[in-house]
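Reading the structure
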Amino acid sequence: MSLPQYMDALVLNGVRDFAIETVPVPVPDTDEVICQVDTTYICGTDPHIVAGDFPNFWPTRFPFIPGHEWSGTVVQTGPRAASLGWREGDRVCGISHCGCGYCEMCLKGRYNICLNYGHEERGHRQYGHYTPGAYAQYMRTSVKSIFKIPDAMSLEYAACVDPLSIALYTVKRSRMQPGDDILIIGTGPQGLMAVLCAKALGAARIYAAGSGERLAKAQELGAIPIDYKEGDVVTTVRELTSGRGVPAVLECAGTAQSLTQACLAAAKGGVVSVIGIPHADPSIPIKRMVLDEVELVGNRANPNTAQPTIELLINNRIDLSPLMTHRYALTDFRTALDTYENRKDGAIKVATKPNGMN
């Protein structure tokens, strides 16, 4: 397919310094494809990247195109990508991580912690973090980081596969078994998606700790609400579980206090599965964790859970529509970001449309 030479993209030129600019359309390497982007959602990490909270890391340099929760259509293929079966017209969704494919971690399937992280010359990428991302009309990506979606699934829906598969990974890493109780601390988009995943995987009682409209949304999705503003989360969980605590705890809030609470709310032998990243290191109750054999597990992204997530969606085990609240043209990104950051009008998942509204 013949592509234009130039495209519109959201370009970050410095801390909170961004604009829609005209930039060259990328050209695919041999194992890459170019996709026309349909939808890019604002991830919780994106405002931090825009605000410069990860200096010289995400991104490593300016100017930079962020965005990594996306879907689109393949419009051009590199030679090896074509030989692997990728074709123009394939409808796909993407994830941010692309391991080198050769190191010990990649060979174990743990490409999210690739030993060559940050070395693009060795094949590593992290789209929308330090590798150019999807707030653009066209996206260049390795075929290792995209997944085909069925015709019956809308591209706007499919763009949520990345964050939903992270939630699925976080639940699975808690080793929750069907019939287990689970506590989810934090009712932002990631916590709400974790409620949906825990429900799909057979949790008995799902406790969600949060506040306000988002806690009410967690209750709508089937969780038992715990308002942290009205009482101590750990005390409440213990009271609700006859003093035992819960075997699986997901920490999705990313604060020092919530991490400490997660460790104290776990039952003996329980697992605390962490996806939130706090600005300050928490105080961890190590004595309690050693004596009660409570495990603390860190999670990064979504290795090997995107395809299972697609299967859960197409088989109607998870309905994401209650979380998809807003959509804007990419040209209105400033308004979209303000809506997301300030939770205006019940904002949860805020979509942008790089090629216009459809």
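The notes below deal with the structure included here.

Reading the values: the criteria
Residues numbered from 1 in each chain as written. Predicted model: local features only at pLDDT ≥ 70, side-chain atom pairs only at ≥ 80, totals over all residues. Heavy atoms only, no water. Core = buried A, V, L, I, M, F, W, Y, C linked by side-chain atoms within 4.5 Å. Buried < 20%, exposed > 50% of the residue type's maximum accessible area, 1.4 Å probe, protein only. Helix = DSSP H or I, 4+ residues; strand = E, 2+ residues; numbered from the N terminus. Expected span 1.5 Å × (residues − 1). Salt bridge = Lys/Arg side-chain N within 4 Å of Asp/Glu carboxyl O. Axes fitted to C-alpha atoms, helices over the stretch in contact; angles between N-to-C directions. Parallel < 35°, antiparallel > 145°, perpendicular 65-115°, else oblique. Left-handed = near helix turned anticlockwise from the far one by under 90°. Contact = heavy atoms within 4.5 Å. Nonpolar A, V, L, I, M, F, W, Y, C, P; charged D, E, K, R; others polar. Phe/Tyr/Trp six-rings, centres within 6.5 Å; stacked < 30°, edge-to-face > 60°. Lys NZ or Arg CZ within 6 Å of the ring centre and 35° of its normal. Pairing = 2+ DSSP bridges. Right-handed = clockwise from strand over helix to strand, strands pointing away.

1. Overview of the nonpolar core
In terms of nonpolar packing, the biggest core is built from 54 residues, with Ile-182, Ile-206, Leu-313, Ile-318, Leu-320 and Leu-323 touching the most fellow members. One finds Ile-185, Val-233, Leu-259 and Val-274 within the second-largest nonpolar core, a separate group that totals 19 residues.

2. Details of helix H5 (residues 161-173)
Owing to its 3.6 residues per turn, the α-helix aligns residues three or four sequence positions apart on the same side. Taking 1.5 Å as the rise per residue, H5 with 13 residues should run 18 Å; its terminal C-alpha atoms sit 18 Å apart, in good agreement. By the criterion of burial, H5 is predominantly enclosed, with eleven of the 13 residues buried. Just downstream of H5 lies Arg-175, where phi reads positive at about 60°.

3. Observations concerning the pattern of salt bridges
A full pass over the atoms with the stated rule returns 14 salt bridges. Of the charged contacts, one joins Lys-108 and Glu-104 as a salt bridge, the two residues approaching to 3.2 Å between their closest N and O atoms. Owing to a relative accessible area of 47%, Glu-104 belongs among the partly exposed residues under this scheme. One salt bridge connects Lys-344 with Asp-338, and the closest N-O pair in it is separated by 2.4 Å. Three or more residues joined by partner-sharing salt bridges are found here, namely Asp-38, Glu-156, Arg-327 and Lys-353.

4. Considering the packing of helix H8 (residues 233-240) against helix H9 (residues 256-265)
Packing of H8 against H9 brings their axes to within 9 Å, and their N-to-C directions diverge by 25°. Considering their axes alone, H8 and H9 lie roughly parallel with respect to each other. At the point where H8 passes H9, the crossing takes the right-handed sense. Together, Val-233, Val-234, Val-237 and Arg-238 of H8 and Gln-261, Leu-264 and Ala-265 of H9 make up the contact between the two elements. Here the contact of H8 with H9 is composed, by residue class, of five nonpolar, one polar and one charged.

5. Notes on the packing of aromatic side chains
Applying the stated rule across the entire model yields six aromatic pairs. Relative to Trp-58, the ring of Phe-54 has its centre 4.9 Å away and its plane inclined at 65°; by these criteria the two rings are edge-to-face. In this structure Trp-58 comes out as buried when scored by relative accessible area, which is 9%. A ring pair is formed by Tyr-135 and Phe-333, whose centres lie 5.0 Å apart and whose planes are at 65°; its orientation type is edge-to-face. With Tyr-135 in the loop between strand S7 (125-126) and strand S8 (138-142) and Phe-333 in helix H12 (residues 333-341), this residue pair connects regions lying 198 residues apart in the sequence. By relative accessible area, Tyr-135 is classed as buried at 0%. Through successive ring pairs, a cluster of aromatic residues spans Phe-54, Phe-57, Trp-58, Tyr-117 and Tyr-130. Here the guanidinium or amino end of Lys-148 rests over the ring plane of Trp-86, the centre of that ring lying 5.0 Å away. When the ring centre of Tyr-117 is taken as origin, the NZ or CZ atom of Arg-300, which lies over that ring, is 4.7 Å away.

6. Examining the packing of helix H6 (residues 189-200) against helix H7 (residues 212-220)
Look at H6 against H7: their axes get within 10 Å of each other, and the N-to-C directions meet at 10°. Classified by the interaxial angle, the pair formed by H6 and H7 is roughly parallel. Of the residues in H7, those touching H6 at Pro-189, Leu-192 and Val-195 are Arg-214, Lys-217 and Ala-218. Per-class residue counts for the contact of H6 with H7 are four nonpolar, no polar and two charged.

7. Quick notes on the pairing of strand S11 (residues 206-210)
In terms of burial, S11 is largely enclosed, as five of its five residues are buried. Alternating residues of S11 divide into Ile-206, Ala-208 and Gly-210 and Tyr-207 and Ala-209, and every residue in both groups is buried. Alignment of strand S10 (residues 182-185) against S11, held across four bridges, turns out to be parallel. Its bridge partner lying in S11, Ile-184 is registered against Ala-208. Taken together, S10, H6 and S11 form a β-α-β motif whose crossover is right-handed. Pairing between S11 and strand S12 (residues 224-227): four bridges, direction parallel. If you follow Tyr-207 over to S12, its bridge partner there is Ile-224. Assessed by its sense of winding, the connection that carries the chain from S11 through H7 to S12 is right-handed.

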